[in-house]
Amino acid sequence: MWKQFLSKLPRKSSKSDSSSAAAHAHSGSNAVACLNGNPIRWTRIGNVVPSRSSTVKRTASAIFPSSVVTSIEPLLLFKDVPHTEKRNLFISKLNLCCVVFDFSDPDKNSAEKDMKRQALLDLIEYVDVGSSRFTESMISASCKMFASNLFRAFPPNIRSSSVGGEAEEEKPMFEPAWSHLQLVYDLLLKFIESSSLDAKIGKKYVDHSFILRLLHLFDSEDPRERECLKAILHRIYGKFMVHRPFIRKVVSNIFCQFVFETERHNGIAELLEVFGSIISGFALPLKEEHKLFLWKVIIPLHKPKTIGVYLQQLTYCVAQFVEKEPKLATSVINGLLRCWPVTNSQKEVMFLSELEEILEITNEVEIQECMLPLFRRIAYCINSFHFQVAERALFMWNNDHLISLVLHNRQAIMPLIVPALERNIHSHWNQAVLNLTRNVKKMLREMDEELFSACEDNFEQEEMERKMVEEKRRMAWHHLETIAFQPLTGNTPVLIRPPLVSPVVAAARS
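All of these numbers come straight from a predicted model, not from anything done at the bench. Along every chain, residues carry numbers that run from 1 in the direction the sequence is written. Where local features are concerned, this predicted model is filtered to residues with pLDDT of at least 70; where side-chain atom pairs are given and counted, the filter is 80 or more; whole-chain, interface and lining totals use all residues. The side-chain values count all of the structure's non-hydrogen atoms but skip hydrogen atoms and water molecules.

Observations concerning the nonpolar core
The following threshold applies: In plain words, nonpolar cores are sets of buried Ala, Val, Leu, Ile, Met, Phe, Trp, Tyr and Cys residues tied together by side-chain atoms within 4.5 Å. Under the scheme applied here, a residue whose accessible area is under 20% of the maximum for its type counts as buried, over 50% as exposed, and between as partly exposed, the area being computed with a 1.4 Å probe on protein chains only. Only runs of H or I of at least four residues qualify as helices and only runs of E of at least two qualify as strands under DSSP, and these elements are numbered from the N terminus.
One finds Ile 298, Phe 375, Trp 397 and Leu 444 to be the most contacted residues of the largest nonpolar core, which totals 134 residues. Ranked by residue count, the leading element in this core is helix H6 (residues 178-193), at nine residues.

What follows is the structure, encoded as structure tokens:
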């Protein structure tokens, strides 16, 4: 490992000193190594302590000429080299950090890991200062280092997926190499944010391939890594405008694969959070591309069973679309009604919460087309025997915006809601649901007593007719059962069917 690690450090000496070597170390390291046959020791102050047989002390500039790119000893600090050599030192440190260590054994290569960690810290400090613009060679070396450390294949996910409306609490899987990965992510974030990075040059290296591999990292099981990726993706989207359509396309593909194929991805919530900010920045009127994204990607994201993991971010995205263009409210509500989870009570509660948020930002004119199916679904939820669904549907009537909507459309809404309330009072088993039902009934009666009484009378008449139909059906079945149990008499006609004979037997008999 030492040979691999030190091979990243370029060695070029002058003619007069071709056989000598020198090295400098980062703070906190006392490792002993051998360069060109001479043992050296790195100390905290960064000087070289030669062996007893060596009495000549040379500086790094004597060994690595400044005219050679990346010829500066990477273990030096930026403050210890002239300004003209800082770019070369930056590239040297990046090349050193391309070495990837195995963190499955914490004690393995500990000295080399400390050296790389210190180099990453020095790079972060240098980029944060932003004293000069990055050259193309610096940008190229940076992207190479990021790719070497970050882009990797994840182990297969052996944990079973959740079957409930909300994901079951699973202990997060933490990346063992996070002590280095975190610094690499910090450096990447500061690198993208830095005013020293020219977007025209940077887009050649932060290209489609780089972005695609970066987006695939969102499937990491480490929540810390996904949080870092979220911030970085947001900065890339803001800095490289030319890549924005590609980013939207790739993320749409990730969402569709999650919905229609795998139903398993660790970073859906983080990607939706980024897209919430992107949607809020869409210009008006909305492009057809963005509307298709709502209809074909955002709405289908309500189908997976694990919606509880990303419901908050998904609701925010939907709300952003409706706020941008209120006419989309009808499409959104119809989409939710088509995806309604009639057999999953936990998801029903979530859908009711999202519906309430959408209704709060929608005026009554925009939902006239879907108002009847919407309140018909709310009435079904009020009659649900799952008490949480019924409670959530009744709690919606505490919303002032919803009450205002009902008040202006009570002629169409009350005939749907009043029968549901009456059924609850007559047959629901949960006391809390009964109390809430009585409160809503009292409120609607005060809103329009005449209309409420007419709806009550109509409900009672329908109930009487329904009971009459049920009684006729019961009597008909009773009559059939009575006939079936009567004993047979000599005059009772009986239908006797001839036995079925196969064609082969019939032919043989003939």
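Let us keep going from here.
Concerning the side chain of Asn 344
As a reminder of what qualifies: Counted as a polar contact is a pair of N or O atoms within 3.5 Å, where, for protein atoms, one must be capable of donating a hydrogen and the other of accepting one, and residues adjacent in sequence contribute only when both atoms are in side chains.
Its place among the elements puts Asn 344 in the loop between helix H14 (328-338) and helix H15 (345-360). Within the structure, the side chain of Asn 344 is placed 3.3 Å from the backbone nitrogen of Gln 346, a separation counted as a polar contact.

Some details on a nonpolar patch on the surface
Rules: To count toward a patch, a residue needs a relative accessible area above 30% and no salt bridge. Like charges then connect within 9 Å, nonpolar side chains (Val, Leu, Ile, Met, Phe, Trp, Tyr) within 5 Å. To measure how exposed things are, a 1.4 Å probe is used in the Shrake-Rupley method; for residues, cover is taken only from the protein chains shown. Should a side-chain nitrogen of Lys or Arg be within 4 Å of a carboxyl oxygen of Asp or Glu, the pair is scored as a salt bridge.
On the surface, a cluster of nonpolar side chains totalling about 360 Å² of accessible area is made up of Phe 385, Phe 387 and Trp 429. By secondary structure assignment, the location of Trp 429 is in the loop between helix H19 (410-427) and helix H20 (431-447). On the accessibility criterion, Trp 429 (54% relative accessible area) is exposed.

Quick notes on the environment of Leu 301
Using the following cut-off: Contact definition: two residues touch when any of their heavy atoms are within 4.5 Å.
Residue placement: Leu 301 occurs in the loop between helix H12 (288-298) and helix H13 (311-324). Using a relative accessible area of 0% as the deciding quantity, one classes Leu 301 as buried. Dropping the residues within four chain positions of it, Leu 301 is found in contact with Phe 255, Phe 258, Val 259, Leu 272, Ile 307, Tyr 310 and Leu 314.

With respect to the side chain of His 180
With respect to the helices, strands and loops of the structure, His 180 is situated in helix H6. Judged by relative accessible area, His 180 falls into the buried class, the value being 4%. Ignoring sequence-local partners within four residues, the contact set of His 180 consists of Phe 101, Phe 103, Lys 113, Lys 116, Arg 117 and Leu 120.

Details of the packing of aromatic side chains
Inclusion rule: Pairing of aromatic rings covers Phe, Tyr and Trp, the last counted by its six-membered ring, and requires centre-to-centre distances within 6.5 Å; plane angles under 30 degrees mean stacked, over 60 mean edge-to-face, and any other angle means tilted. We call a charge positioned over a ring when the NZ of a Lys or the CZ of an Arg lies within 6 Å of the ring centre and within 35 degrees of the ring normal.
Within the structure shown, the criterion is met by 14 aromatic pairs. Both rings, one in Phe 151 and one in Phe 210, keep their centres 5.1 Å apart while their planes meet at 70 degrees; by these two values the pair is edge-to-face. You can see Phe 151 sitting in the loop between helix H5 (136-150) and H6 and its partner Phe 210 sitting in helix H8 (residues 208-216), a full 59 residues away along the chain. The exposure class assigned to Phe 151 is buried, which follows from its relative accessible area of 10%. Residue classification places Phe 210 among the buried positions, given a relative accessible area of 5%. Ring plane angle 70 degrees and centroid distance 6.3 Å describe the contact between Phe 255 and Phe 275, whose orientation is recorded as edge-to-face. Taken together, the residues Phe 255 in helix H10 (residues 244-262) and Phe 275 in helix H11 (residues 268-280) connect sequence positions 20 residues apart. Exposure class is identical for Phe 255 and Phe 275. Each is buried. Ring pairs connect the aromatic residues Phe 78, Phe 90, Tyr 126, Phe 134, Phe 146 and Phe 191, which therefore count as one cluster. In this structure, Lys 113 packs its charged tip against the face of Phe 103, placed 4.4 Å from the ring centre.

Description of the packing of helix H9 (residues 223-239) against H11
So the rule is basically this: Note on method: axes are straight lines fitted to C-alpha atoms, helices fitted across the in-contact stretch only, with angles between N-to-C directions ranging 0 to 180 degrees. Put simply, angles under 35 degrees are roughly parallel, angles over 145 are roughly antiparallel, angles from 65 to 115 are roughly perpendicular, and the rest are oblique. Handedness of a helix crossing follows the sense of rotation of the near helix relative to the far helix, less than a right angle counterclockwise being left-handed and clockwise being right-handed.
One can describe the packing of H9 onto H11 by two numbers: an axis separation of 9 Å at closest approach and a directional angle of 30 degrees. With respect to their mutual orientation, H9 and H11 come out roughly parallel. By crossing handedness, the relation of H9 to H11 is classed as right-handed. Contact with H9, carried on its side by Arg 226, Lys 230, Leu 233, His 234 and Tyr 237, involves Glu 270, Leu 271, Glu 273, Val 274, Ser 277 and Ile 278 of H11 and no other residues of that element.

Notes on the pattern of salt bridges
Where charged atoms from two side chains of opposite charge approach closely, those side chains can pair. Enumeration over the complete set of coordinates arrives at 20 salt bridges. Residue Lys 204 pairs with Glu 136 through a salt bridge whose shortest N-O separation is 2.8 Å. With Lys 204 in the loop between helix H7 (199-202) and H8 and Glu 136 in helix H5, this residue pair connects regions lying 68 residues apart in the sequence. Residue Glu 136 is classed as partly exposed on the basis of its relative accessible area of 34%. In the salt-bridge network here, residues are joined through shared partners; they are Glu 422, Lys 441, Arg 445 and Glu 456.

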